[in-house]
Structures are given as C-alpha cells and as structure tokens.
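Below, each chain spelled out in residue letters.
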Amino acid sequence: MNEPAPEPSVTRVGDIAFDDAARLLSGHGLHLHHVAAGAPIPGSYWGEPEAGIIASDVYVRDDTPVHSMLHEACHLIVLPPERRALVHTDATDSVPEEDATCYLQIVLAAELPGVGSAQLMADMDAWGYTYRLGSTQAWFEHDAEDARAWLVERGLLVG
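Here's a quick rundown of the structure. (Residues numbered from 1 in each chain as written. Predicted model: local features only at pLDDT ≥ 70, side-chain atom pairs only at ≥ 80, totals over all residues. Heavy atoms only, no water.)

A word on the pairing of strand 3 (residues 57-60)
Burial of strand 3 is two-sided: the residues D57 and Y59 facing one way and the residues V58 and V60 facing the other way are all buried. Summarising the sheet, strand 1 (residues 31-34) and strand 3 pair through 4 bridges and their orientation is parallel. Looking at strand 3, one finds that H34 is bridged to V60. Taken together, the 3 bridges between strand 2 (residues 52-54) and strand 3 define a ladder with antiparallel strand orientation. Paired with I53 across the two strands is V58, which belongs to strand 3. (Buried < 20%, exposed > 50% of the residue type's maximum accessible area, 1.4 Å probe, protein only. Helix = DSSP H or I, 4+ residues; strand = E, 2+ residues; numbered from the N terminus. Pairing = 2+ DSSP bridges.)

The structure is reproduced here in structure tokens:
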C-alpha cells in the first residue's frame with residue numbers, strides 16, 4: 001500500500017512568533033486567525049495545511065507553511081478593497097496578479113523575524129513552486145521585472 005509522501009521540511013507558522021506575523025499582515029489591512037491543530041482551515045484553496053483566505057481574513061494553523069500564509073495574504077494585498085471584500089478561497093486567475101503575489105511574498109518575508117527572503121525562497125523551492133529559470137531566487141533576481149513593475153505601478157512597492 002502506498003502512503004503519501006511526507007511534506008517537505010519548510011518553515012511553519014508554529015516556528016515563528018504568531019504576533020509578528022499578525023502585526024505584519026495587519027499593516028496591510030489583514031487579520032490573521034489561528035486555527036486549532038487538526039481543525040479545518042477556512043478558505044483554504046489547496047486544503048490543509050495550506051492557508052485560507054476570506055475577504056481580509058487569513059487563516060492558518062501551526063503546521064501551515066509560512067510561504068503559504070504569505071502567499072495567500074499577498075493575494076489579498078494586491079487586490080483593491082472592493083475585490084478583496086468578495087474573496088472566498090480563490091483570489092484570482094490573473095497571471096500578472098499571481099506573479100505580483102509571488103514577488104511580494106518574498107519581499108514581505110524580509111520583514112518577518114525568523115524567516116527572511118532567502119529562507120522563504122528556499123521553502124518555495126522545496127514545496128514545489130516552479131519558475132523557468134529553475135529556482136525562486138533566480139526568478140526573483142533575474143526574471144521578475146514585470147511583477148515588480150506591476151507592484152510599483154499600484155503603489156505596493158517603492159520604485
């Protein structure tokens with residue numbers, strides 16, 4: 001009988017200070033909610049342990065990967081308030097918004113004590129994010145100009 005492969009070793013919400021993550025997200029108008037171990041995560045597109053989103057709320061458990069928390073939060077951050085209010089589970093099907101989300105999660109990781117951009121990019125690679133240059137870091141440093149420009153144009157990053 002085949003057992004599912006174990007999840008990759010990545011930084012989890014339980015590995016960092018929850019208050020630091022909540023503070024980071026609140027600075028962007030989001031509310032971080034802690035879900036009890038084993039409980040379903042509301043608004044999780046991929047299913048547990050992935051983060052969930054509903055409007056301005058981000059839901060995580062201690063076993064939620066930090067990259068997932070930041071990714072889903074960034075989906076909300078890149079949306080204008082009127083679109084954010086309508087989100088439940090699935091934020092977008094827009095490639096430019098997805099790219100901007102990936103870029104912004106790396107930027108915000110630098111502001112999260114105990115994580116940092118380098119660790120987040122390594123975690124993204126371990127989890128299975130794929131980029132045509134072969135790694136998250138190579139994409140971020142050499143192939144993400146359009147994502148960065150998208151964020152700058154909307155005032156989400158300083159040029």
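So, next bit.
Quick word on the pattern of salt bridges
Within the structure shown, the criterion is met by 5 salt bridges. Close ionic contact of R61 with D63 constitutes a salt bridge, the shortest N to O distance being 2.9 Å. For R132, the salt bridge is made with D143, and the minimal N-O distance between the two is 2.7 Å. Remark: D143 occurs in the loop between helix 6 (136-142) and helix 7 (145-153) and R132 occurs in the loop between helix 5 (117-127) and helix 6; sequence separation between them is 11 residues. When its relative accessible area of 72% is taken as the criterion, R132 is described as exposed. (Salt bridge = Lys/Arg side-chain N within 4 Å of Asp/Glu carboxyl O.)

A short note on the layout of surface pockets
Volume-wise, the largest pocket comes out at about 310 Å³. Around the largest pocket, the lining is made up of 16 residues, and of these W46, H71, E72, H75 and E98 lie nearest the centre. Among the elements that take part in the lining of the largest pocket, helix 2 (residues 66-77) stands out by supplying 5 residues, more than any other. The residue makeup of the lining of the largest pocket, split by class, is 5 nonpolar, 7 polar and 4 charged. Lining of the second largest pocket is provided by D99, C102, Y129, T130, Y131, R132, W139, D143, E145 and D146. Of the residues in the lining of the second largest pocket, the class split is 4 nonpolar, 1 polar and 5 charged. (1 Å grid on protein atoms, 1.4 Å probe; cavity = no way out; pocket = protein on both sides within 12 Å on 5 of 7 lines; lining within 4 Å. Points joined across faces, edges and corners; volume = space filled by probe spheres on them. Nonpolar A, V, L, I, M, F, W, Y, C, P; charged D, E, K, R; others polar.)

Brief notes about the packing of aromatic side chains
With the rule as written, the count across this model stands at 4 aromatic pairs. Centroid distance Y45 to W46: 4.9 Å. Interplanar angle 85 degrees. Geometry classified as edge-to-face. Judged by relative accessible area, which is 44%, Y45 ranks as partly exposed. For the pair Y131 and W139, a centre-to-centre distance of 4.7 Å together with 20 degrees between the ring planes defines the contact as stacked. Owing to a relative accessible area of 16%, Y131 belongs among the buried residues under this scheme. Taking relative accessible area as the criterion, W139 reaches 5% and is therefore assigned buried. Within the aromatic cluster, the residues linked to one another by ring pairs are Y103, Y131, W139 and F140. (Phe/Tyr/Trp six-rings, centres within 6.5 Å; stacked < 30°, edge-to-face > 60°.)

Any functional reading would require information beyond the geometric quantities listed.
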